[in-house]
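One letter stands for each residue in the lines below.
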Amino acid sequence: MRIAVSLVCGVVFGVGLAISGMTNPAKVLAFLDFFGAWDPTLAFVMGGAVAVSAAGYVATRRRERAWFGEEFSIPTRRDLDFSLLGGAALFGVGWGLVGLCPGPALASLFRGSSELSSFVGAMLVGVIGFRFFTRQRRGVLPQPTT
Amino acid sequence: MLETTFTPGAGLLGGMLIGLAAAGLLIANGKIAGISGILGRSFFPDTRDLAWRIAFLVGLPLGAWIATRATGDALGFEITSHPVVLVAGGLLVGVGSQLGNGCTSGHGVCGIARGSRRSLVATLVFMTTGAGTVFVVRHLLMGAP
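This structure is a prediction, so every number in the text was calculated from the model and none was measured.

Criteria and thresholds
Residues numbered from 1 in each chain as written. Chains lettered and ligands numbered in written order. Predicted model: local features only at pLDDT ≥ 70, side-chain atom pairs only at ≥ 80, totals over all residues. Helix = DSSP H or I, 4+ residues; strand = E, 2+ residues; numbered from the N terminus. Buried ≥ 20, exposed ≤ 12 C-beta atoms within 10 Å, placed from the backbone. Contact = placed C-beta atoms within 7 Å. Nonpolar A, V, L, I, M, F, W, Y, C, P; charged D, E, K, R; others polar. Core = buried A, V, L, I, M, F, W, Y, C linked by C-beta atoms within 7 Å. Expected span 1.5 Å × (residues − 1).

1. Structural notes on the overall build of chain B
If you tally the helices and strands in chain B, you get six helices and zero strands. Helices and strands appear in chain B in the N-to-C order α-α-α-α-α-α. Over its C-alpha atoms, taken along the principal directions, chain B stretches across nearly 50 × 35 × 30 Å. Evaluated residue by residue, chain B yields a buried proportion of 59% over its 145 residues. Sequence-distant contacts, at least 24 apart, represent 47% of the contacts inside chain B between residues at least 6 apart.

This is the structure we're talking about:
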């Protein structure tokens, strides 16, 4: 059941990305182009998404567990560290170069575009490479016992 | 160059569906709908949790395909970046989202909706470097008006 819900949420998320036009990199770049032919659509997408998502978050505050018994996995950190700021800065540069972030990039894979495939391929190299080289520091794999 | 049409109604509707998906995943499964987190944790996972992640990630293109078919691809898909830029952008997005623990969905939507200070700051940072990058590429390097 959890897996079915997850699939449905992924589908609804993908429908939302496509309807909002955020799957079109040209539209995302036009939002980031404040000094050109600015297209403010992305602000409306984010506004709608944050409003509904916030209502959902408020609804969980009165509950101990999620519907299917899981505990809520909600980040609790509040510190601003170098990883957060540096990572966000690098992410923004890549986003601004192409107009794609992970959600829209994966959502548009159905198009079979070769340009998109090279972006997604490089993104996966970045994701997997980063996680591989930092896996011990981040405690993703068991530490050696000696 | 590359002008797009301002579509606030479709943007708001699509955004609300994204918010609905994020709210649904949290309320039903207790999970945050941050794509880079779901993607990253699919590789060195706690395998117990792999199935829901894969299901969510498969749902994304399925939903986008359905919506694109239903709307006659009204909003289009246009990539104009040079192949080298595509690869550089992909690497930066991949590494940056993992180092910064989130992307547009995890920080920009889910994090801000929870009132997370880290997510708000991260969103302001990537909006700023994103806009700065577009400014440099379009207005300084390519000399657009």
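2. Things to note about the interface of chain A and chain B
Contacts between the two partners involve 110 residues from chain A, matched on the other side by 105 residues from chain B. Residue assignment for the side of chain A that touches chain B shows that the elements contributing at least two residues are helix H1 (2–20), helix H2 (25–32), helix H3 (41–60), helix H4 (82–98), helix H5 (102–107) and helix H6 (114–133) of chain A. The biggest single contributor to the side of chain A that touches chain B is H1(A), with 18 residues. The residue makeup of the side of chain A that touches chain B, split by class, is 69 nonpolar, 28 polar and 13 charged.

3. Description of the environment of Ala23(B)
With respect to the element layout, Ala23(B) can be found in helix H1 (residues 8–29). The exposure class of Ala23(B) is buried, given the 24 C-beta atoms found within 10 Å. Between the C-alpha atom of Ala23(B) and that of Ala33(B), which follows or precedes it by ten residues, the distance is 8.3 Å. Setting aside residues up to four positions removed in sequence, Ala23(B) forms contacts with Val52(A), Ser53(A), Ala55(A) and Gly56(A).

4. Here we look at the nonpolar core
If you look at the biggest cluster of nonpolar residues, it comprises 86 residues, and the most contacted ones within it are Ala49(A), Phe119(A), Ala21(B) and Ala22(B). Contacts of Ala21(B), omitting those with residues within four sequence positions, involve Cys9(A), Val12(A), Phe13(A), Gly16(A) and Ala33(B).

5. Overview of H4(A)
What sets the pattern is the α-helix's 3.6 residues per turn: residues three or four places apart point alike. End to end, H4(A) covers 24 Å across 17 residues, agreeing with the expected 24 Å (1.5 Å per residue, within 8%). Burial within H4(A) is extensive, with twelve of its 17 residues counted as buried. For H4(A), the complete set of buried residues consists of Leu84(A), Gly87(A), Ala88(A), Ala89(A), Leu90(A), Phe91(A), Gly92(A), Gly94(A), Trp95(A), Gly96(A), Leu97(A) and Val98(A). Summarising the contacts, the buried residues of H4(A) are in contact with H2 and H6 of chain A together with helix H4 (83–99) and helix H6 (117–141) of chain B. Backbone geometry just downstream of H4(A) places Gly99(A) in the positive-phi region, at approximately 90°.

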